[in-house]
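# Close look at the chain arrangement
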Amino acid sequence: MQSFALGFLYEKSHTLFRLWAPSAEEVYLRLYEQGDGDCLRVELSMEKSEDGIWSCDVTGDQNHSYYTYRVVRDGKSVESQDPYGVAAGVNGLRSMVVDLKETDPEGFEQDHGPVLKNRTDAIVCEISVKDMTADEGAGIEHPGKFLGLAEKGTHRADGSPTGLAYLQELGVTHVQLMPIFDFASVDETKGDDQYNWGYDPLNYNVPEGSFSTDPFHGEVRIRELKEMIMAFHQAGIGVIMDVVYNHVYSAEDSCFEKTEPGYYFRKKGEEYSNGSGCGNEVASELPMVRKYIVDSFCYWAKEYHMDGFRMDLMGVLDVDTLNEVSAKLREINPDIILYGEGWTGGESVYPSYRRGMKTNVRMLEGIGMFSDDIRDTIRGDVFISKERGFAAGRPGLENAVRYSAAGAVWHPQVDYSSYYYTQGGPWAEEPEDVVNYVSCHDNLTLWDKLGVASPEKSDKELYDMNRLAAAMVFTAQGMPFFLSGEECARTKPVEGSDEVSENSYNLPLYTNAFRYERDDKKEELLKYYKGLIAFRKAHKGLRLNTAKDIRNKIRFLNDLPEKVVAFTIEDETERLFVAYNASDSAVTLEFEEGENWQVFVDKDHAGVTPLRDVKDTVVVEGASCLAATGSVC
């Protein structure tokens with residue numbers, strides 16, 4: 001039985017339909033034979049209760065029946081899909097009754113994702129269903145589909161892994177799926193040539209039909225998504241869902257506005273408030289909006305076994321709703337991973353001190369934030385394409401690098417007053433609050449950013465910068481995150497142009513597709529990322545989970561040359577030494593006399609096999625990271 005108090009409650013003998021529309025004068029349930037076309041079967045009058053909920057109980061087995069609500073108000077009627085619908089016909093304009101148990105793959109009841117001791121143990125790779133499966137040479141039977149990522153053992157003709165097998169070999173603990181809910185920008189009746197990231201919600205609780213092999217039958221997309229999630233779990237990889245509860249594609253045309261106009265969205269006078277930058281923003285602080293958001297999160301966690309959620313423009317949502325989401329989800333899965341963008345895309349009428357902003361992270365329970373601090377420190381400001389960061393040799397960022405390496409929490413060796421991001425002090429309370437990254441779907445890819453900001457640099461120098469940037473993310477405290485393809489110099493070329501895209505949300509696969517074919521340089525970069533991931537997993541000192549441990553165990557070296565930062569991490573079980581050198585020249589750093597160290601990461605190599613032994617001093621090459629382990633004193 002579907003678990004919402006609203007929407008449909010299915011049993012084989014009857015189905016109860018319930019819609020919250022307190023201002024409606026009349027509401028009719030319309031049952032259809034199909035998800036599109038002129039196939040109305042019957043229209044039934046619904047009854048209104050004192051709490052504004054309209055209901056209709058229909059006898060007989062309604063499994064696979066399609067339905068809408070016709071809502072009458074002020075003598076006018078409008079037809080809408082069900083806001084609480086969990087299945088839909090093609091393009092999502094008719095909801096669908098479905099026996100959800102029938103959509104479970106064999107063994108799905110026992111399915112579950114990986115369990116981590118701490119969030120800082122997670123290593124997250126952002127992927128798109130379409131991007132990861134569209135490469136023609138990838139050997140994937142179902143390109144652009146959920147089933148494409150469910151396929152095991154796919155590979156190129158040269159034997160190199162693709163799809164799920166590629167991600168498994170890469171070593172990530174989790175993938176973050178770009179939007180997989182039903183979005184409005186792709187016509188599901190047409191072919192696969194269309195492209196959109198999908199940050200334009202239509203039906204929040206319905207999987208996107210264009211990712212299924214049959215968008216016309218609503219049960220298919222549900223089953224195929226579950227098959228994909230189960231395949232990831234069997235490969236030991238957790239699934240984090242990218243959710244966009246801050247706005248909808250079109251407020252006026254949304255099922256929310258049709259069923260209860262003027263309630264779900266914030267207004268500034270007669271205009272919609274636009275904290276999302278997309279024309280509208282949801283009023284998450286209102287009781288029934290909050291209930292909807294909480295119910296939706298819980299539905300995805302229960303029905304699809306999601307291991308976590310990434311929240312788009314979380315700064316639009318209110319703190320109380322976010323905390324209720326966190327509490328309810330932890331009742332379902334105590335190990336759930338929650339994080340989001342702690343900012344907005346525009347100005348909101350809702351007070352900033354009550355929103356899910358990065359500055360309010362201490363008001364949130366168990367919800368992390370993306371660190372734009374480390375992003376802009378390493379690669380340069382994402383909004384100033386030609387600005388360089390530390391990895392490209394920009395001077396004066398040593399203190400900012402310390403701050404980022406320490407996980408954006410308070411550390412006695414960081415000068416917060418001199419760093420423009422932190423003049424009021426650090427924003428994070430614990431390292432689990434922090435998601436470290438230098439690339440995601442937004443803005444230029446890391447490779448493109450380095451090239452645009454440093455056009456005079458050779459490919460070799462750009463690869464060196466890329467390695468340094470990656471090493472800084474994977475040796476920083478917090479949770480590392482990266483865009484798929486960053487590990488092999490992913491670029492987003494604009495077809496017919498020498499330009500690269502920094503906002504490819506609707507550009508074709510020529511720009512957006514993940515390319516599995518690699519030359520020797522890209523292959524070496526991929527090996528470096530694999531080595532960094534393995535090295536991080538092997539050393540808990542890189543994955544400290546309390547600010548107290550960070551303050552007690554990390555010591556930064558003083559009196560170093562410009563563009564050099566180095567630190568040790570030491571406890572009773574291991575010693576680590578990490579150095580970043582963003583200058584063009586090698587530097588020699590001194591250890592205490594008699595100390596022996598084994599180097600595992602340098603300019604060209606990374607992994608869990610020692611590269612060499614050093615004693616007393618170590619040479620850190622230009623534009624590189626060096627990481628070593630030493631014996632415990």
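All chains use their own residue numbering, which begins from 1 and follows the written sequence. Since the coordinates come from a predicted model, pLDDT governs what is reported: local features require at least 70, and pairs of side-chain atoms require 80 or more to be given and counted, while whole-chain, interface and lining totals use all residues. As a rule here, side-chain values cover all heavy atoms of the structure and leave hydrogens and water aside.

## Quick word on the overall build of the chain
A run of H or I in DSSP becomes a helix once it reaches four residues, and a run of E becomes a strand once it reaches two; helices and strands are each numbered from the N terminus. When you go through the chain residue by residue, the secondary structure sums to 14 helices and 29 strands. Here the radius of gyration uses the C-alpha set of atoms, whereas the globule reference equals 2.2 Å times the residue count to the power 0.38. Taking 633 residues into account, the globule formula puts the C-alpha radius of gyration at 26 Å, and the chain, at 26 Å, falls close to it. Overall, the C-alpha framework of the chain stretches about 85 × 55 × 50 Å when taken along its three principal axes. Classification of residues uses two cut-offs on accessible area relative to the type maximum, computed with a 1.4 Å probe and protein chains only: under 20% is buried, over 50% is exposed, and between them is partly exposed. Sorting the 633 residues of the chain into buried and exposed places 63% on the buried side. For the chain, contacts bridging at least 24 residues in sequence account for 70% of all contacts bridging at least 6. Whether two residues are in contact is decided by their heavy atoms, any of which lying within 4.5 Å being enough.

## A word on the layout of surface pockets
A probe matching the size of a water molecule, rolled over the atoms, marks out where space remains unfilled. Buriedness for pockets is judged along seven lines, at least five of which must meet protein on both sides within 12 Å for an open set on the 1 Å grid over protein atoms alone, while cavities are sets there where a 1.4 Å probe fits but cannot get out, and lining residues have an atom within 4 Å of a point. Grid points are joined across faces, edges and corners, and a volume is the space filled by probe spheres set on the points. Roughly 780 Å³ of volume is contained in the largest pocket. Taken together, 30 residues make up the lining of the largest pocket; nearest its centre are Trp197, Leu313, Glu341, Asp442 and Asn503. Classification convention: Asp, Glu, Lys, Arg as charged; Ala, Val, Leu, Ile, Met, Phe, Trp, Tyr, Cys, Pro as nonpolar; all other residues, Gly among them, as polar. Partitioning the lining of the largest pocket into residue classes produces eleven nonpolar, ten polar and nine charged.

## A few points about the sheet that holds strand S11 (residues 174-177)
Each strand in a sheet pairs with its neighbour through backbone hydrogen bonds, running either in the same direction (parallel) or in the opposite one (antiparallel). The eight strands are arranged S10-S11-S14-S17-S18-S19-S20-S21 in a closed barrel whose pairing can be described as parallel. Each strand of the sheet is rotated relative to its neighbour by a mean of 30°, with strand direction disregarded. Only when DSSP finds a minimum of two bridges between them are two strands counted as paired. Relative to strand S21 (residues 479-483), strand S10 (residues 124-127) runs parallel, the two being bridged by three bridges. What sits directly across from valine 124, in S21, is phenylalanine 481. A fitted line through C-alpha atoms represents every axis, and for helices the fit uses only the stretch in contact; the resulting angles, taken between N-to-C directions, go from 0 to 180 degrees.

## Some remarks on the pattern of salt bridges
A pair is scored as a salt bridge if a Lys or Arg side-chain nitrogen falls within 4 Å of a carboxyl oxygen belonging to Asp or Glu. This model, assessed by the stated rule, comprises 37 salt bridges. Between aspartate 121 and arginine 543 there is a salt bridge whose closest N-O contact spans 2.6 Å. Of the two residues, aspartate 121 is situated in the loop between strand S9 (95-96) and S10 and arginine 543 in the loop between helix H13 (520-538) and helix H14 (547-553); the sequence distance between them amounts to 422 residues. Look at aspartate 121 and you get buried, because its relative accessible area is 13%. Between aspartate 602 and arginine 612 there is a salt bridge, with its nearest N and O atoms 3.0 Å apart. Here the residue aspartate 602 occupies a position in the loop between strand S26 (596-601) and strand S27 (612-615), and arginine 612 occupies one in strand S27, the gap between them amounting to ten residues.

## So, empty space enclosed by the protein
Tallying each qualifying case throughout the model produces six cavities of 30 Å³ or more. By volume, the largest cavity amounts to about 100 Å³. Lining the largest cavity are 13 residues; nearest its centre among them are Ser128, Lys130, Phe183, Asn196 and Phe211. Grouping the amino acids of the lining of the largest cavity by side-chain chemistry returns eight nonpolar, four polar and one charged. In this structure, the second largest cavity occupies an estimated 70 Å³ of space. If you trace the second largest cavity, you find it lined by Leu6, Gly7, Arg18, Leu19, Trp20, Asp82, Pro83, Tyr84, Thr259, Tyr264, Met288 and Tyr292. Contributing elements (two or more residues each) for the lining of the second largest cavity: strand S2 (14-20) and helix H6 (287-304). Top contributing element to the lining of the second largest cavity by residue count: S2, with three residues.

## Some details on the packing of helix H4 (residues 218-234) against H6
At their nearest, the axes of H4 and H6 sit 11 Å apart, and the two run at 70° to each other. Taken together, the axis directions place H4 and H6 in an arrangement best described as roughly perpendicular. Contacts between H4 and H6 involve Ile222, Leu225, Lys226 and Ile229 from the first element and Trp300, Glu303 and Tyr304 from the second. In the contact of H4 with H6, the residues fall into five nonpolar, no polar and two charged. Comment on the angle field: the value is read as roughly parallel under 35 degrees, roughly antiparallel over 145, roughly perpendicular from 65 to 115, and oblique elsewhere.

## Some thoughts on the side chain of aspartate 135
Among the structural elements, aspartate 135 can be located in the loop between helix H1 (129-133) and helix H2 (146-150). Of the side chains with opposite charge, arginine 156 comes closest to the buried, unpaired aspartate 135, at an N-O distance of 4.5 Å. We define a polar contact as two N or O atoms separated by no more than 3.5 Å, with the added condition that, inside protein, one atom must be a possible hydrogen donor and the other a possible acceptor, whereas residues neighbouring each other in sequence contribute only through side-chain atom pairs. In this structure the side chain of aspartate 135 is engaged in a polar contact, spanning 3.1 Å, whose partner is the backbone nitrogen of glycine 137. Among all residues touching aspartate 135, those that are not within four sequence positions of it are Phe514, Arg515, Tyr516 and Glu517. Positive charges are assigned to Lys and Arg, negative charges to Asp and Glu, while His and the chain termini are left out of the count.

## Quick word on the nonpolar core
Residues enter a nonpolar core if they are buried and are Ala, Val, Leu, Ile, Met, Phe, Trp, Tyr or Cys, with the set joined through side-chain atoms within 4.5 Å. Residues Phe17, Met228, Phe232, Trp300, Phe309 and Tyr580 are the most contacted members of the largest nonpolar core, which totals 166 residues. Looking at this core element by element, the count peaks at eleven residues for H6. Sequence-distant contacts of phenylalanine 232, that is, excluding residues within four places in its chain, are made with Ile127, Leu149, Leu164, Leu167, Val175, Ile237 and Val239.

## Here we look at the sheet that holds strand S29 (residues 624-630)
Spatially, S22-S23-S24-S29-S26-S27 is the arrangement adopted by the six strands of the open sheet, whose pairing is antiparallel. Edge strands, defined here as strands with exactly one partner in the open sheet, are strand S22 (554-556) and S27. Recorded for the sheet is a direction-independent mean angle of 25° between the axes of neighbouring strands. Pairing of S22 with strand S23 (residues 564-570) involves three bridges; the strand directions are antiparallel. Directly across from isoleucine 554, in S23, lies its bridge partner isoleucine 569. Packing of helix H9 (residues 398-405) onto the sheet brings it into contact with S22, S23 and strand S24 (575-581), and relative to S23 it is tilted by some 25°.

## With respect to the packing of aromatic side chains
Ring pairs (aromatic) are described by centroid distance and by the angle formed between their planes. Only rings of Phe, Tyr and Trp enter the pairing, Trp through its six-membered ring, and a pair is recorded when the two centres are within 6.5 Å. The plane angle decides the type: under 30 degrees is stacked, over 60 is edge-to-face, the rest tilted. Counted according to the given criterion, the structure contains 40 aromatic pairs. Seen in terms of ring centroids, tyrosine 67 and tyrosine 69 are 5.7 Å apart; in terms of plane orientation they differ by 75°. Their pairing is edge-to-face. The exposure class of tyrosine 67 is buried, given its relative accessible area of 0%. When its relative accessible area of 0% is taken as the criterion, tyrosine 69 is described as buried. Between tyrosine 403 and tyrosine 416 the ring centres are 5.9 Å apart and the planes differ by 85°, which places this aromatic pair in the edge-to-face class.

## Notes on helix H8 (residues 372-379)
Counting buried positions along H8 yields eight of eight residues, so the element is predominantly enclosed. Along H8, the residues classified as buried are Asp372, Asp373, Ile374, Arg375, Asp376, Thr377, Ile378 and Arg379. Buried-residue contacts for H8 involve strand S19 (368-370), H9, strand S20 (434-436), helix H10 (446-453) and helix H11 (459-474). Two residues or fewer past H8, glycine 380 is found with a positive phi of approximately 100°.

## Observations regarding the side chain of serine 210
Its location among the elements puts serine 210 in the loop between strand S13 (201-207) and H4. On the accessibility criterion, serine 210 (15% relative accessible area) is buried. In terms of polar contacts, serine 210 uses its side chain to reach the side chain of glutamate 208, at 2.7 Å.

## Regarding a negative patch on the surface
Without a salt bridge and with relative accessible area above 30%, a residue can belong to a patch; like charges are then joined within 9 Å and nonpolar side chains (Val, Leu, Ile, Met, Phe, Trp, Tyr) within 5 Å. Reported accessibility uses the Shrake-Rupley method at a 1.4 Å probe radius. Residues are deemed covered only where the shown protein chains occlude them. To locate a charge, the coordinates of NZ of Lys, CZ of Arg, CG of Asp or CD of Glu are taken. Where like charges cluster on the molecular surface, the negative patch consists of Asp158, Asp459, Glu517, Asp519 and Asp520. For aspartate 519, the location among the structural elements is in the loop between helix H12 (509-512) and H13. By relative accessible area, which is 41% here, aspartate 519 ends up partly exposed.

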